[in-house]
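# A structural walkthrough
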Amino acid sequence: MFALQFDIFEDEQRIYDEALAKIRDVEAGADFCFEEYIKLAENFGNILRQFRCSIRISDKTTVGLYEDNIDLSDKAHHDSLTGIFNRRYAEENMERVIKSLSRSNGELSVMMLDIDFFKKYNDTYGHIKGDICLKTVAETLNESLLRPDDFVVRYGGEEFIVVLPNTNRDGAQHMAEKMLMKLKGLKIPHKNSEVAEYLTASVGIVTCFVENTHDFEYFVKRADEALYISKNNGRNRYTCLS
């Protein structure tokens, strides 16, 4: 395509030089030949058509590359199984969220949710059912969010992280209760669970005013500590730390 464009530019320059030379010949006293100028105009018209065609091809290529880049970026930030955001997205966006909230002295709540006894679920019902279960849980958690800045990611295995900017302790606890109730309402059978006959989850929450020394790992570590407490206290519950 680029070679074609260079050929067009060369032909355009040649026609321009030829037309200029003929004008100078006429100015010097040579006879004006109408047919020669018609031929030059026709050649120039052909060049314009080729140039327009190459521009259309270039535009389509540019649009295609742009769409491909968006698609690759989208795939890089989404979990291949559940379709929700992945850990990479969380790490990149948490940096932005922390910077913003540290400047405004805002609060941030981060939840870590873990499906109770998921290994037993897989062992009982098989990995295909396990994958379906993970997709259903991810969809349920994602649908629970109401604000555009809130997001949920699959952190790994059966663990999910929910990020709630500008959310205090009460708001985070309300969201945890809402999510646990929605998961309970799914009534996904889990006969070998040690908690209930249906699928349940445990949640750890950390809520604090954001400082510029905070990072993604700090919130994950604190949320994981809260999750550990929930599990030790019997699971199917949430624990909130400051």
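Structure: above.
Here we summarise the structure given alongside this text. Because the structure is predicted, anything quoted here is derived from the model rather than measured.

The next subject is the packing of helix 5 (residues 127-144) against helix 6 (residues 169-186). Where helix 5 contacts helix 6, the axes come no closer than 10 Å and their chain directions differ by 140°. In terms of orientation, helix 5 lies oblique with respect to helix 6. Considering how the two elements wind past one another, helix 5 and helix 6 form a crossing that is right-handed. Contact with helix 5, carried on its side by Thr136, Val137, Thr140, Leu141 and Ser144, involves Met175, Lys178, Met179, Lys182, Leu183 and Leu186 of helix 6 and no other residues of that element.

The subject of this paragraph is the nonpolar core. Where a protein is soluble and globular, its nonpolar side chains tend to be buried together. One finds Met111, Val137, Leu141 and Phe160 to be the most contacted residues of the largest nonpolar core, which totals 28 residues. Going through the elements one at a time, strand 2 (107-115), helix 4 (118-125), helix 5, strand 4 (159-165), helix 6 and strand 5 (201-209) are the ones with two or more residues in this core. Considering every element that reaches this core, the biggest residue donor is helix 6, with six residues. In this structure Val137 touches Ile115, Phe160, Leu183 and Leu199, once residues within four positions along its chain are discounted. By size, the runner-up hydrophobic cluster in this structure holds 22 residues, among which are Phe151, Tyr155, Cys208 and Val220.

In this section: the layout of surface pockets. Space inside the largest pocket adds up to approximately 170 Å³. What lines the largest pocket is Glu177, Leu180, Met181, Leu183, Lys184, Ala196, Tyr198, Leu199, Thr200, Ala201 and Asn236. Counting residues per element, the lining of the largest pocket draws most heavily on helix 6, at five residues. The residue inventory of the lining of the largest pocket, partitioned by class, reads seven nonpolar, two polar and two charged.

Glancing now at the sheet that holds strand 3 (residues 151-156). Read across the sheet, six strands follow the order 1-3-4-2-5-6 without closing on themselves; strand pairing throughout is mixed. Looking at strand neighbours, the two that pair on one side only are strand 1 (85-86) and strand 6 (238-241), the edges of this open sheet. In the sheet, strand 1 pairs with strand 3 via two bridges, with the strands oriented parallel. Bridge assignment links Phe85 to a residue of strand 3, and that residue is Val153. Set on the sheet, helix 7 (residues 216-232) makes contact with strand 2, strand 3, strand 4, strand 5 and strand 6; between it and strand 5 the angle comes to about 135°.

Calculation criteria
- Residues numbered from 1 in each chain as written.
- Predicted model: local features only at pLDDT ≥ 70, side-chain atom pairs only at ≥ 80, totals over all residues.
- Heavy atoms only, no water.
- Axes fitted to C-alpha atoms, helices over the stretch in contact; angles between N-to-C directions.
- Helix = DSSP H or I, 4+ residues; strand = E, 2+ residues; numbered from the N terminus.
- Parallel < 35°, antiparallel > 145°, perpendicular 65-115°, else oblique.
- Left-handed = near helix turned anticlockwise from the far one by under 90°.
- Contact = heavy atoms within 4.5 Å.
- Core = buried A, V, L, I, M, F, W, Y, C linked by side-chain atoms within 4.5 Å.
- Buried < 20%, exposed > 50% of the residue type's maximum accessible area, 1.4 Å probe, protein only.
- 1 Å grid on protein atoms, 1.4 Å probe; cavity = no way out; pocket = protein on both sides within 12 Å on 5 of 7 lines; lining within 4 Å.
- Points joined across faces, edges and corners; volume = space filled by probe spheres on them.
- Nonpolar A, V, L, I, M, F, W, Y, C, P; charged D, E, K, R; others polar.
- Pairing = 2+ DSSP bridges.

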